[in-house]
Amino acid sequence: MKPNTTTGIAGLRRWAGTAPGRMLAIGSALLTLATPQTWASSHSDAPLIKQDPQVNLTDVYTFVRQRPSGERVLVVEVSVRPFSEPGDGVIYDRFADDAEYNIHIANPVTGATLQQYTFRFSDHDAVKAPGLKNPNTILSYGLGTELGPILTVGDARQNYTQTYSVSRIMPDRTRPGRRHPGNRPGDITSLGKNLLVPPPNVGMRTTPPYNDPETGRAVSGATSRETLDTYTRETTYDLPGGVTVFAGPREDGFFADTPGIFDLLDSRILDNNGSLADGLGQDGAGVDGFKGFNVLHYGIVIPLSQLPSIAYTGALQPAATGVGVFATVGRPRVVLFPSRMSASSFVQVNRLGNPLFNEVLVALGSKDLYNRTLPTTDASTFARFAENPEVATLINTVFSTTFPTTGRGDLKAVYIPDVIRVNTTTGPVPVQGEEGFSRLSFIGGDVVEDGNGNMVPSGWPNGRRFGDDVVDIALTAVASGPTFETITVVGDNVPANDQVYNRTFPYAATPHAGTRHQKDSGVNAPIVIE
């Protein structure tokens, strides 16, 4: 593969040239991006979790925003249940009722959990109200005690309604490495109970508020809570203590030609018009392997004033201050069938921080172990995979490149422990649809000033936003590192998601309709962002 510089570098150079004293930040960020791990997400990261899709985490997003009141907040949204089929009636996808879905606020240096937010969901197989209003029908949605479209969440037409609770758990400082709450009491605060999960997007006849009345396709791109669809607005909860939560079905916000990438790097990821002269993987018209699918999704908005502020150094930001973020899911250690009774503690079955650390860097024999452990063990157990990335060897084999494959101390410094680090001294970052946003983050000139006057990336690897093209950013780093004397923009020809995101919480897009989505009805109706 012959390196070609592209216009994307101009943005990087402008950043370097206009931000005094920023070269350290640039170098650090580029070293961060020098990993080849992140050219897909985490939809298929390990053998055991592949068999348990309801608790299979796919993506973690986290970034700084600002409420209308001016209060700065940290947004954390987590997707789970990959490749959820929008039209999967009768039951459709629901959150597992015997699992705990966790968001961890962590020390960005050690990976130790400092705060944990746990979501627990109600009975999957309810046979009576409030879970199920009418057990004598085949319909979960559209017929409860009345027949017709669902107008408000939980109304008489929504036969099955799942609920959930949210708790905040402070770590037991006597046992900083403990994996789960409950084994010994910690500081546990209930933040909310009996919160409603909105219905899936069954289609125009059953869940009309999700969809365009003319096309029947999902409408997204809300700019404020008031402009969210009825179901999403009704189930976005402001809870005592200042946090805001949401849990429900959403469109899968990840985009990549993963099918082409994993077919031994099919050349279509680089060229779709017969010429490499116009850039590598920048033609567009690629194949998004995730288009038309939904996920289950849970998230929280936390005032920055409620978060710890930890100094960290290294690859992400110079002299940065902030937090690390990752997610886990736990299952009961023991379940008795057919009653599904469980009375045991939870065991961690999946975790996720930066996209695809486990999926692309960690070898098959250690993937399940990664999911059972916490970031505090990454240095002793998984650093070798960051230092000696096999995927670089695969790239060299296919494209005759010479990317370094061993001695990658830069990768170890960045990805161990595997948490998404967020500089919490910045102002709110732009999201897709807003002025200044670039899918390439700092490579596209999208930077924000932190509390020390440094210009740092607005998006990944300083947090991660919806629309951050982590595949192109990572491939660019792979092609350009480790010296970065020449920056070569490389992508997979999939520059955007198949649905626009919201610009308010929840930022994940409206779930695709069961009857009308991209897999079976062509390109989604374009939605103009003003």
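Residues numbered from 1 in each chain as written. Predicted model: local features only at pLDDT ≥ 70, side-chain atom pairs only at ≥ 80, totals over all residues. Heavy atoms only, no water.

Regarding a nonpolar patch on the surface
The line we're drawing: Candidate patch residues must exceed 30% relative accessible area and have no salt bridge, after which like charges are joined if within 9 Å and Val, Leu, Ile, Met, Phe, Trp or Tyr side chains if within 5 Å. Accessible areas in this description were obtained via Shrake-Rupley with a 1.4 Å probe; residue shielding takes into account the shown protein chains only. Within this document, salt bridges are pairs made up of a side-chain nitrogen of Lys or Arg and a carboxyl oxygen of Asp or Glu, the two lying within 4 Å of each other. Only DSSP runs of H or I reaching four residues or more are called helices, and only runs of E reaching two or more are called strands; each is numbered from the N terminus.
Residues V90, I91, I138, L139 and L147 make up a contiguous nonpolar surface patch of roughly 490 Å² in combined accessible area. Inspection of the secondary structure assignment puts V90 in the loop between β2 (72-84) and β3 (100-106).

Remarks on the side chain of N294
The condition is simple: Polar contacts, as used here, are pairs of N or O atoms within 3.5 Å; protein pairs need one atom able to donate a hydrogen and one able to accept it. Residues neighboring in sequence count only if both atoms are side-chain atoms. For this analysis, residues touch if any pair of their heavy atoms sits within 4.5 Å.
With respect to the secondary-structure elements, N294 resides in strand β9 (residues 294-303). Of note is the side chain of N294, whose polar atom sits 2.8 Å from the backbone nitrogen of H512. When neighbours within four sequence positions are excluded, N294 is seen to be in contact with R81, F83, S84, P86, R250, E251, D252, P511 and H512.

Focus on helix α7 (residues 364-372)
Filter applied, for reference: The classification of residues rests on relative accessible area computed with a 1.4 Å probe and restricted to protein chains. Under 20% of the type maximum is buried, over 50% is exposed, and intermediate values are partly exposed.
Of the residues making up α7, those classed as buried are S366, K367, D368, Y370 and N371. Close packing links the buried residues of α7 with α3 (47-50), β12 (346-352), α6 (357-361), α8 (378-381) and α9 (383-387).

What to know about the sheet that holds strand β1 (residues 57-66)
Applied cut-off: Two strands qualify as a pair provided DSSP detects at least 2 bridges between them.
Judged by pairing direction, the sheet is antiparallel, and its 5 strands sit side by side in the order β1-β2-β9-β8-β7 without closing on themselves. Since the sheet does not close on itself, it has two edges, and those belong to β1 and β7 (237-238), each with one partner. Examined bridge by bridge, β2 and β9 share 9 bridges and lie antiparallel to one another. Following the sheet pairing, V76 is matched in β9 by I300.

Let's talk about the packing of aromatic side chains
Formally: Pairing of aromatic rings covers Phe, Tyr and Trp, the last through its six-membered ring, and needs centres within 6.5 Å; plane angles under 30 degrees mean stacked, over 60 mean edge-to-face, and all others mean tilted. Only lysine NZ and arginine CZ atoms are considered, and such an atom sits over a ring when it is within 6 Å of the ring centre and within 35 degrees of the ring normal.
This model, assessed by the stated rule, comprises 17 aromatic pairs. Geometrically, the ring pair formed by F95 and Y101 is edge-to-face, given 5.5 Å between the ring centres and 85° between the ring planes. Of the residues examined, Y101 reaches a relative accessible area of 0% and is grouped as buried. Taken together, a centroid distance of 5.4 Å and an interplanar angle of 90° make the contact between Y101 and F121 edge-to-face. Taken together, the positions of Y101 in strand β3 and F121 in strand β4 (residues 113-121) put the pair 20 residues apart, joining distant regions of the chain. Residue class for F121 comes out buried when judged on its relative accessible area of 5%. Three or more aromatic residues link up through ring pairs in this structure, and these residues are F95, Y101, F119, F121, Y164 and Y298. For the cation-ring pair, R351 lies above Y370, with the distance from its terminal atom to the ring centre recorded as 3.7 Å.

With respect to the pattern of salt bridges
Considering all chains together, one arrives at 14 salt bridges under this definition. Here R268 ties to D257 by a salt bridge, and the two come within 2.7 Å at their closest N and O atoms. Of this pair, R268 sits in the loop between α5 (258-262) and β9 while D257 sits in the loop between β8 (244-251) and α5, and the two are 11 residues apart along the sequence. Residue R268 is classed as partly exposed on the basis of its relative accessible area of 29%. By relative accessible area, D257 is classed as buried at 1%. Linked through salt bridges whose partners overlap, the residues forming this network are D52, D98 and R331.

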